[in-house]
Every structure is written in C-alpha cells, then in structure tokens.
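# Summary of the model geometry
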Amino acid sequence: MKNEGSKKASENEKLKDLERNREISKDQFLTTNQGVKINDDQNSLKAGDRGASLLEDFILREKITHFDHERIPERIVHARGSAAHGYFQVYESMEKYTKAGFLQDPSKKTPVFTRFSTVAGFRGSTDLARDVRGFSVKFYTEEGNYDLVGNNIPVFFIQDAIKFPDLIHAVKPEPHNEIPQAASAHDTFWDFISLMPESAHMIMWAMSDRAIPRSLRMMEGFGVHTFRFVNKDGKGTFVKFHWKPLLGTHGVTWDEAQKISGNDSDFHRRDLWDAIESGQFPEWELGVQLIPEEDEHKYDFDILDATKLVPEELVPVKKIGKMVLNRNPDNFFAETEQVAFHPGHIVPGIDFSNDPLLQGRLFSYTDTQLKRLGGPNFHEIPINRPIAPMHNNQRDGHMRQEINKGQTSYQPNSLRGGCPFQAKIAEGGFDSYPEKIDAKKVRERSESFKDHFSQATLFYNSQTEVEQQHIINAFSFELGKVGETEVQERMLGLLNEVNKDLAKEVASNLGIKVPKKKEQLNHGVPADYDPERYEPTKSNPSIEKDPALSMMHNGFGNIATRQVAFLCADGVDDNSVNDMKKALEKEGAMVNIVGPNSTEVKTAGGKSLKVDAAFRTTASVVFDAFYVPSGEKAHKALKKIPKAIHFLNEGYKHCKPIAVAQENGLLEETYFWKDLDKKNLEEDGVIVGEGKSSEFVKAIGKHRFWKREEKDSIPA
Ligand code: HDD
C-alpha cells in the first residue's frame, strides 16, 4: 500500500487543512518566485558566452539568494528527528476525569503529528546513538492543539529547569573541539553527572538498552511530569501519561548499534518511513496513571519530582486509547523540521502541575521557536496551525500570513461589536485549575526531592540478569572513554549508592577501585548553603521490584515487521524459499532476499528470484533474523562469499535467530557451529532442517537469545 495521504485526506481534518499548501508542480512551467516563466535554467546571463555574469540576472540572483537562506537553526536539543501523521482515538469517554473534548467520544478520530528524536546529536547525526529518544505528539483537537512532549524514558536527569542549560552543555560535543558527535561517552557529560546525584535514576535508564531502541515503533513513550486532568465539575486528578507500543519494547545490542551507525545512520528514520509506506502502521496505546488529589503525599517520593516515576505496581496504567501513524510527511522541512511542540500547548480539561522542571519548560519552548522559526507567527506555518478556529488581536510580525480585516485589534472594543468574544467556561473557555497556593518566595529544593537513589536501585533490581549486564557494560564503555580518573571515581561513588555489585563490576572493568571514603555526594549546592541540607537521602521504598521497568517483560511473541534476511545464491530451492516466506509473511514479518548481486538469483527450478539487497550493499546488523534456504549449489556458492558467512557469525554474536534449512557444511564455516550443543540447538535460537517455519517464527518472537552472550566467543 502506498502512502495513504491524499486518499485519506478527506477523513483527517488536519490533512485536509494541509491540502491547501501542498504543491506538486505537475504539468506546470518552471517560474521565478514572481511567477515569470523561465526559459533557460542552465545558464546565467553573461556578457558574451565567456564573459562575466551580469548583475541584472534576476533569475540567477533569486535562485542563489533563496538557496543561501535555506537553513534555519537546528533545535538546540532533539535536532535529529523523524515524524509521521496519524490519528488518535479514545476507547471510552474519560469524562469522569477530564473534560478534554478529544478524550470523550470513542467514535472520533483526532489527527496527530508525532515526532521522534535523539537529544544530543546534530540534525545529521546517527539514529543509533546511545541517547534518550524524544516522543512528541501534537493532537489537532477541535478545542485547539494539545502537545504531549515526552521521552522514551519516564524520568529526567534534573529536578529543576534552571539546570537544563548545564546538562545540555555537558552532553553536547565539547566546545573546544566539537567532539564527540551524538555521544555521552566523554568527560564533560560524566563530570556533570558525577556531580549531580539527582541524575542517578535517569542515568540507569540511559545506560540500559532503552537508549538504543530497535525501532522508533518499538519504544514506550512517557509524558514524564505529573499533569492534571480536570473534569467539567472542576475536579482535578493527577495524571501520568504513557505510550505503549503494540509491537513491544525492544533494543539492539551496543555492538550492533555502533555498526548500524556506520552501515545505515538513518536506520530508525528509514524503518519508520518504510513501515508506513508498506501499510504496517505503527501503533501505541495511550495509558494513564490516575492519582487522586488526596493521594498527592501518599508515596515515598514526590509526584512533582521529575526524577521519579510512579511504579506501575503502585498505580496501574489504564489504557485509554490508541494512536496510529499512517502517513509519512510530504516534505521533511515543511513538516518535521518546522513543527513546533510545546508542553504549554494544552486544552481545557488538562493542566500543569507545579513540577519545577515542567514550569521552566513552559517558558523555553516558545522562546526557542521564536529564534528557530524566525518570529512570532510560527503558529501560522501549516504544520503548526490548529484545525480549531483561531481569532485574536495579535497582529503583525515577520512573515504574517493572515490578513486581519477591520478597524480594531484590541479588547474590549465596541467598534467591532466586541469581537472576537471571550468564551464563557461553559462555552469552552480555558480556566486554569484554581490550586490554592500559600507560600513564601524562596530559591529552594523541597526535602521531598532529596532521595536520589531509591528508584535508581528499584530500576536496577527490576532488570533481568542480562539487562543488568548490559547496564554494567554501558557504564564501563562510557566511563572508559573518560580521561579523568577523578570523574570515574566520583561516578563509582554514586553507583555504589545504587548497587554495590554494579559499582564493583564497573570499577573492575575500568581497572580502578570503588572509592572507600564516602565523599560528599552533592557538589551542586548553593554557595552559602549547608551542604548537609543537600546531601541525598535514601528512603525505604515500598516495593523492591517492578516488572514493568524491564524491557524483557514486555511484548514478546509478535514478529510483525521484523526484517528477515534470506541468504540466497543461484540454485536455491524454490519450495524452501516460498514455504518459509509464506509462513513469515503470514505473521507480518518482512522477507528480504540477500544475494551475490543486486538483481536476481536463479532458483533450482529455473525461476528468477528478485534480490532486495546484495551482500556488498547491506549488513547483518540491519536484520532481525537469518534464513538459509536449502539448495546444495547455493550453499556451495555462499561458502565462497565471506560476507555471507559473516552475516551468520555476526547474527549469532548479536543473539539473533538463525534458521538453515539444510546443513551441508555451510554452518561449519562459522565460528560458532563447532561449540554448539547440537542436541539443544533450538534453545539457542539455531534452527536446522527443512519445514521448521513455526519454530523459526517462535524464535523471532523471542527477539534475542541472550544466553549466547555468556560465551562472547565470536570475534565478529
Ligand atoms: Fe525539552 C525540545 C522533551 C526538558 C527545552 N524537549 C524537546 C523535544 C522533546 C523534549 C521530545 C523535541 C520536540 C520536537 O520534536 O520538536 N524536554 C523533553 C522532556 C523533558 C524536557 C521529556 C523533561 C521531562 N526541555 C526540557 C527542559 C527545557 C527544555 C527542562 C528547558 C528549560 N526542549 C527544550 C527546548 C526544545 C526542546 C530548547 C528544543 C527544540 C524545541 O524545544 O522545540 O525548548
């Protein structure tokens, strides 16, 4: 199925709205921006055919000037992103909790535009960086735009927005040499983190496989902050937002991530694009954790502290609706680059909490768009304008599109009969939640924000052994890239507060010791404050584990959209290819024929089998599983292609399922075959023999066979 765009435009109010700006130039003359038809776009106007170009050449001048101005500043964070259109539909009315119009009617589809991003890298950086992923959704509701601007990690590094510029300065490439790109494995980042114990929880997530997702379609999303639902009676309920992907939550290995970055740095962008183009629309369920106002102080953490999550064990996630992304943008710049998200874009029925990180964000996002998009009319850019009617007395500014008619641009007025009117609350007018506040103005951090380690420990304890090992490896890699032993030691001191074994293992990999002396943990205290007051504490958490925090407890079995490489050469058996293909495609997996050249292979039955990629143009790391169909002649040929053997070796190293329809010596060429327990091959995700499609489907559904990592004997 092709991009749904124009076909579905009539069903989606936002797509209909965008239609008036779409331009395709079909059957049209080339013109200047002034509409003058161009006769020669190949040669500039010159004094003689070898002569100097003439200043008079308005066609040349206009073309070059526009080109010179094509770039706008990239986002200071989340510069690298990919986005898609779609819709959201609620399962049942949420009127008990919120009056938000788009959460009332299960028959209504609300258009959305969703952008995913990495945080630290520049616009052209790799998709597979170890990093947090942004997860921003713009709901074009009938009551105005609502933006849920979250991440794929439910907590944040810092508690107060005033630290955000410091955090970002520390993680971005270092200012003297602009190295490294899209990576946190460098001195300034770990220097900062080691001095900020409040980042302990988030850093555990960032060092887990959550930070190297298999696909943007296989990530959870989180609103992070506690927000507030408000119903039509004015009653508030605290709410935490979750996005749960229907394909499950999966990561890749670190070795794979690094290799994908070289082989296809657009891996996530391409994957999202291809899935939508092929009609396999990514889907997420929106979940909410609802916390009655009476329970605000019930927990051993503060719900206003963005370094804490509300464990699902304590407050279950209620799934309230589904988002489907079903259309790729027409133009990357116009849509993905120019879209402007803002956590302050809310609609009646949703409100903020006093989380000091959120409060700072409410300032930052408009401010950044003014710079990035060049002025105060960025709301008029097609991708940003609401489908809800928009009328006010704001006027003028750079690039104003709207032609406001009439004499008045103020409120109140009588000359225009008072238009535009203010709306009563019953008419949909927004009213802020009347939270009672009685406080002194202070620059302080609440005592209830001081426990920086309990949830870091909870996260670590909730991981499987394999996941814990990956976290140890990630810390060892990242801190191993740090030049200053002092920074490494300070980090080990913090890790020791999270889990002693974790600190010990990382220290041993670094070749240094966990410092014995417990030093003052929080170095970021105001100058004239007692550091004791800022020293982190550890509470007595009410739970020790929460399975929801482990990716490996999430969404296995589904193989839809998994990319399977069929390693083929001339002489491949027809049935062996077709039967497996049919079985995999029935489950929604994608079959890719990989062959010696990029055109075709001849099957044993004399048919031509179209090749999707040649060994030389692709790599094992972009596939989820491997299948070698039978065919003696084909196997003989594959044995002579070192890259084909490398596919199997590397696939094995990355713990991916491998099926070989017929073993006649090909597997003997690999590093791993000789060490395998031939009686228990399937437990190790290696399936040998014809007609084993259901075993292979099951193996792909398991995602990875992590036990292989214990051997780590594959030098691929
Ligand atoms: Fe932010 C972009 C998510 C804290 C300031 N942020 C941005 C984007 C996402 C987030 C997903 C990309 C939006 C897009 O796709 O265009 N940010 C978060 C989350 C945070 C967070 C989940 C903590 C819970 N951010 C945060 C703070 C500040 C900012 C504390 C500043 C005080 N964020 C920005 C920004 C950006 C941005 C500078 C850059 C580009 C943009 O806004 O549009 O204003």
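These numbers come from a predicted model, not from an experiment.

## Comments concerning the domain arrangement of the chain
For the chain, the assigned domains are domain 1 (5–68), domain 2 (81–189 + 215–380) and domain 3 (556–710). On a C-alpha basis, the centroid separation for the pair domain 1 and domain 2 is 36 Å. Contact with domain 1, which involves eight residues of that partner, is made by seven residues of domain 2. When domain 1 packs against domain 2, close to 660 Å² is buried across both sides, 58% of that on carbon and sulfur atoms. Where domain 1 touches domain 2, the interface holds one salt bridge.

## Details of the nonpolar core
Soluble, globular proteins show a tendency: their nonpolar side chains are buried together. Counting 58 residues, the largest nonpolar core has Phe 566, Leu 567, Leu 584, Leu 638 and Phe 696 as its most contacted members. With five residues, helix α18 (residues 642–653) is the largest single contributor of residues to this core. Mapped onto the domain boundaries, this core takes at least three residues apiece from domain 2 (81–189 + 215–380) and domain 3 (556–710). Beyond its immediate chain neighbours, meaning those up to four positions away, Leu 567 contacts Val 594, Phe 615, Tyr 627, Val 628, Pro 629, Leu 638, Ala 644, Phe 647 and Leu 648. Counting residues in each nonpolar core, the second largest holds 56 residues, with Val 119, Ile 158, Val 487 and Ala 503 among its members.

## A short note on the sheet that holds strand β18 (residues 686–688)
The strand order across the open sheet built from six strands is β15-β12-β11-β16-β17-β18, with neighbouring strands paired in parallel fashion. Of all the strands in the sheet, the pair left with one neighbour each is β15 (613–614) and β18. Relative to β15, strand β12 (residues 590–595) runs parallel, the two being bridged by two bridges. Opposite Gly 595, over in β15, you have Ala 614 as the bridge partner. The sheet strands contacting helix α16 (residues 574–586) are β11 (563–567), β12 and β16 (625–628), and the helix crosses β11 at an angle near 180°.

## Remarks on the packing of helix α13 (residues 485–498) against helix α14 (residues 500–510)
Close contact between α13 and α14 brings their axes to 6 Å; oriented N to C, the two are set at 155°. One way to sum up the angle between α13 and α14 is to call them roughly antiparallel. Counted together, Gln 488, Leu 492, Leu 495, Asn 496 and Val 498 of α13 and Lys 500, Leu 502, Ala 503, Val 506, Ala 507 and Leu 510 of α14 form the full contact between these two elements. Within the contact of α13 with α14, the residues separate by chemical class into eight nonpolar, two polar and one charged.

## So, the coordination of the iron atom of the ligand
In ideal tetrahedral geometry, four donors around a metal make angles of 109.5 degrees, whereas ideal octahedral geometry with six donors gives angles of 90 or 180 degrees. Looking at the iron atom of the ligand, one finds just one donor atom contributed by the protein, Tyr 365 (OH), at 1.9 Å. Along the chain, Tyr 365 turns up in helix α10 (residues 356–372).

## Some details on the site of the ligand
Inspection of the region around the ligand gives 23 residues, with Arg 75, Arg 115, Arg 361, Tyr 365 and Gln 369 positioned closest. At a separation of 2.8 Å, an oxygen atom of the ligand approaches a polar side-chain atom of Arg 75. In the model, a nitrogen atom of the ligand is placed 3.3 Å from a nitrogen or oxygen of the Arg 361 side chain. Mapped by element, the contributors of at least two residues to the shell around the ligand are β3 (133–141), β4 (144–151) and α10.

## Considerations on the UniProt feature "binding site: heme" (unreviewed entry) in the chain
Under the local residue numbering, the UniProt record ascribes the feature "binding site: heme" (unreviewed entry) to Arg 75, Arg 115, Phe 164, Arg 361, Tyr 365 and Arg 372. Taken from the residues named earlier, the lining of the largest pocket is made up of Arg 372. The topology assignment puts Arg 361 in helix α10. Not counting residues up to four positions away in its chain, the partners in contact with Arg 361 are Val 149, Ala 161, His 225, His 342 and Pro 343. A polar side-chain atom of Arg 361 sits 2.9 Å from the main-chain carbonyl oxygen of Val 149. The exposure class of Tyr 365 is partly exposed, given its relative accessible area of 21%. Ignoring any residue separated from it by four or fewer positions in sequence, one finds Tyr 365 in contact with Val 149, Phe 341, His 342 and Pro 343.

## Let's talk about empty space enclosed by the protein
Enumeration according to the criterion identifies seven cavities of 30 Å³ or more in this entry. The space that makes up the largest cavity amounts to roughly 150 Å³. Taken together, 19 residues make up the lining of the largest cavity; nearest its centre are Pro 154, Phe 222, His 242, Gln 289 and Leu 309. Ranked by residue count, the leading element in the lining of the largest cavity is strand β7 (residues 236–245), at four residues. Among the residues forming the lining of the largest cavity, the class breakdown is 10 nonpolar, four polar and five charged.

Parameters and conventions
Residues numbered from 1 in each chain as written. Predicted model: local features only at pLDDT ≥ 70, side-chain atom pairs only at ≥ 80, totals over all residues. Heavy atoms only, no water. Domains from an automatic or database assignment. Contact = heavy atoms within 4.5 Å. Buried area = accessible area lost by both parts, 1.4 Å probe. Salt bridge = Lys/Arg side-chain N within 4 Å of Asp/Glu carboxyl O. Core = buried A, V, L, I, M, F, W, Y, C linked by side-chain atoms within 4.5 Å. Buried < 20%, exposed > 50% of the residue type's maximum accessible area, 1.4 Å probe, protein only. Helix = DSSP H or I, 4+ residues; strand = E, 2+ residues; numbered from the N terminus. Pairing = 2+ DSSP bridges. Axes fitted to C-alpha atoms, helices over the stretch in contact; angles between N-to-C directions. Parallel < 35°, antiparallel > 145°, perpendicular 65-115°, else oblique. Nonpolar A, V, L, I, M, F, W, Y, C, P; charged D, E, K, R; others polar. Donors = N, O, S within 2.8 Å, 3.2 Å for Na, K, Ca; no water. Near = heavy atom within 4 Å. Polar contact = N/O pair within 3.5 Å; in protein donor to acceptor, adjacent residues only side chain to side chain. UniProt positions renumbered as here; feature names shortened; annotations may be inferred. 1 Å grid on protein atoms, 1.4 Å probe; cavity = no way out; pocket = protein on both sides within 12 Å on 5 of 7 lines; lining within 4 Å. Points joined across faces, edges and corners; volume = space filled by probe spheres on them.

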